[in-house]
Amino acid sequence: HPSPSPQDCCPLEWITMIDSTMTKPDACLRVKPPHRVLRLARPMAAPSVTPPFQPLHLSQFPGPRNGSVVSFESHMLLAEAVMELEKINTLCGPVYESTPDGRRFVGVLDVVGVVFFLLEAVEKELKDAGCQAGDFTKWLGESKALRTLTVKDVIDAPRWLPFVCLQEAAMLSDAMALLGREHFHRVLVSNSTGEIVNIITQSAVVKVIADHMELYEDVAGKTLQEAGLADHRPVVSVSVDDIVMSAFKAIKDNHVSGIPLVDETGAVAGCFSNRHIRQVVLRGTSTPRSLAEVLSMPITEFLASLTAAPSAHGRDMHPIITCRAGDKLGLVVKRLTASRIHRIFLVDDDHRPIRVISLCDIIEVLLPAEEALEASN
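If you're wondering where the values come from, they're calculated on a predicted model, not measured in any experiment.

Analysis parameters
Residues numbered from 1 in each chain as written. Predicted model: local features only at pLDDT ≥ 70, side-chain atom pairs only at ≥ 80, totals over all residues. Heavy atoms only, no water. Helix = DSSP H or I, 4+ residues; strand = E, 2+ residues; numbered from the N terminus. Buried < 20%, exposed > 50% of the residue type's maximum accessible area, 1.4 Å probe, protein only. Contact = heavy atoms within 4.5 Å. Areas by Shrake-Rupley, 256 points an atom, 1.4 Å probe, with all protein chains shown as cover. Pairing = 2+ DSSP bridges. Axes fitted to C-alpha atoms, helices over the stretch in contact; angles between N-to-C directions. Phe/Tyr/Trp six-rings, centres within 6.5 Å; stacked < 30°, edge-to-face > 60°. Lys NZ or Arg CZ within 6 Å of the ring centre and 35° of its normal. Parallel < 35°, antiparallel > 145°, perpendicular 65-115°, else oblique. Left-handed = near helix turned anticlockwise from the far one by under 90°. Nonpolar A, V, L, I, M, F, W, Y, C, P; charged D, E, K, R; others polar. Salt bridge = Lys/Arg side-chain N within 4 Å of Asp/Glu carboxyl O.

Points about the overall build of the chain
Moving on, step 1. What the chain contains, in helices and strands, is 14 helices and 14 strands.
Moving on, step 2. Put simply, the chain has 377 residues, and 49% of those count as buried.
Moving on, step 3. A separation of at least 24 residues holds for 65% of the contacts in the chain among residues at least 6 apart in sequence.
Moving on, step 4. Accessible area of the chain: about 17800 Å², with a carbon and sulfur share of 52%.

Quick look at the structure:
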């Protein structure tokens with residue numbers, strides 16, 4: 001893919017196009033050869049930028065905690081790939097196919113997606129096998145029905161993350177457009193040779209914004225109502241007295257990453273998210289139980305077992321924060337980053353949820369401000 005001349009524009013951002021009809025990242029999307037690449041030319045920024053604003057390129061984001069992005073060959077056994085993700089405490093990794101010309105990236109392997117896929121595929125076997133919560137990868141390797149599954153078998157299945165990649169030279173606003181407007185949970189970043197060198201999440205972008213909130217003061221000083229984030233929207237919730245499997249099902253069926261837990265009055269009493277799902281299948285609870293037993297536990301009992309877990313993983317698993325329409329956007333952003341969670345629940349006077357405000361919503365609202373900052377320099 002030849003680059004334009006330096007005097008015309010900066011290096012191209014590459015976005016692998018998958019399905020122009022996409023409405024949700026969780027839609028059934030697959031990369032099919034040949035790759036179609038959307039090439040976006042952007043005028044070069046001036047050589048020197050007047051402080052305090054310096055345009056941020058994706059190459060300036062902190063790299064992976066392990067030093068490099070772990071990729072998986074599409075024909076690798078699924079059990080081995082999940083064990084590798086668990087070992088390095090990473091939630092996802094790009095998947096590639098080997099070709100005569102080198103690697104061709106075809107998708108993303110995600111732990112939560114694997115869990116949902118397997119629970120649907122082998123619910124009866126899971127119950128009969130008495131798989132221990134926290135021993136999910138062991139069961140995956142021993143199950144007759146699953147031990148031959150490859151990474152490709154899963155990423156070819158419905159409900160999967162599309163493959164989207166930006167070059168390191170792309171700007172912060174490019175990542176924000178995908179994470180905010182297009183609702184992606186993460187964006188992969190490649191270098192000039194096409195290798196994946198970083199994975200930028202919604203959380204990472206919002207932290208950058210929170211650390212430089214003074215640059216967005218015109219928007220940050222608005223209330224949620226003024227910023228357009230206080231309108232009532234349907235909220236998927238589950239009773240705090242229901243069982244864990246009900247929360248799993250609500251998250252999966254509604255293509256969301258977290259839901260509020262409500263008490264008998266409908267007031268927010270907690271939160272259940274993908275973080276809990278990973279805890280169940282990869283680490284278990286404080287008292288050893290089979291996975292089937294955990295899925296049948298009352299949610300309140302399950303959350304209590306995580307709080308009592310001896311390892312650090314069990315602590316701070318279910319922080320819940322709420323907000324009101326009159327709260328300032330900047331304050332909400334700081335509360336989200338301080339709590340390290342991905343959503344805040346907008347509540348009414350009776351503490352009932354009337355909307356979920358996600359990191360995606362925050363990024364989308366702040367995107368025009370970032371684009372204006374970059375354009376001014």
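What about the sheet that holds strand E13 (residues 343–347)?
Moving on, step 1. In space, the three strands of this open sheet follow the order E12-E13-E14, with mixed pairing throughout. Looking along the sheet, the strands with just one partner apiece sit at the ends: strand E12 (322–323) and strand E14 (353–358).
Moving on, step 2. Docked against the sheet, helix H13 (residues 329–339) engages E12 and E13, running at close to 135° with respect to E13.

Re the packing of aromatic side chains
Moving on, step 1. Scanning all chains against the criterion turns up three aromatic pairs.
Moving on, step 2. Ring geometry for Tyr96 against Phe105: centres 6.1 Å apart, planes inclined by 70°, an arrangement best described as edge-to-face.
Moving on, step 3. By relative accessible area, which is 7% here, Phe105 ends up buried.
Moving on, step 4. A connected cluster of aromatic rings, assembled from ring pairs, spans Phe248, Phe272 and Phe302.
Moving on, step 5. We note Arg103 situated over the ring of Tyr96; from NZ or CZ to the ring centre the distance is 4.0 Å.

As for unusual backbone geometry
Moving on, step 1. One non-glycine residue, Asn89, lies in positive phi territory at about 55°.
Moving on, step 2. Secondary-structure assignment places Asn89 in the loop between helix H1 (78–87) and strand E4 (92–99).
Moving on, step 3. Positive phi values are uncommon outside glycine, yet His255 reaches one of about 55°.
Moving on, step 4. Here His255 lies in the loop between helix H9 (244–253) and strand E10 (258–262).
Moving on, step 5. By relative accessible area, which is 32% here, His255 ends up partly exposed.

Some details on the packing of helix H6 (residues 172–181) against helix H14 (residues 359–376)
What describes two packed helices is the angle between their axes and the distance between those same axes.
Moving on, step 1. Running from N to C, H6 and H14 cross one another at 155°; their axes reach a closest spacing of 8 Å. When the axes of H6 and H14 are compared, the pair comes out roughly antiparallel. Relative to H14, the crossing made by H6 is left-handed. Of the residues in H14, those in contact with Leu172, Ser173, Met176, Ala177, Leu179, Gly180 and Arg181 of H6 are Cys360, Ile363, Glu364, Leu366, Leu367, Glu370, Glu371 and Glu374.
Moving on, step 2. Taken together, the residues of the contact of H6 with H14 break down into eight nonpolar, two polar and five charged.

Re the packing of H6 against helix H7 (residues 202–211)
Moving on, step 1. Where H6 meets H7, the closest approach of the two axes is 11 Å, and the angle between their N-to-C directions is 130°. Between H6 and H7, the angle falls in the class oblique. Crossing angle aside, the handedness with which H6 passes H7 is left-handed. Taking contact as the criterion, the partners of Leu172, Met176 and Leu179 in H6 are, on H7, Gln202, Val205, Val208 and Ile209.

Let's talk about the pattern of salt bridges
Moving on, step 1. Under the defined criterion, the tally for this structure stands at 13 salt bridges.
Moving on, step 2. One salt bridge in this structure joins Asp211 and Lys207, with 2.9 Å as the shortest N-O distance. In this pair, Asp211 and Lys207 both sit in helix H7, four residues apart, roughly one turn of the helix.
Moving on, step 3. For Asp211, a relative accessible area of 46% corresponds to the partly exposed category.
Moving on, step 4. Taken together, the shared-partner salt bridges connect Asp231, Arg233, Arg355 and Asp361 into one network.

By themselves, these observations are geometric and do not establish any function.
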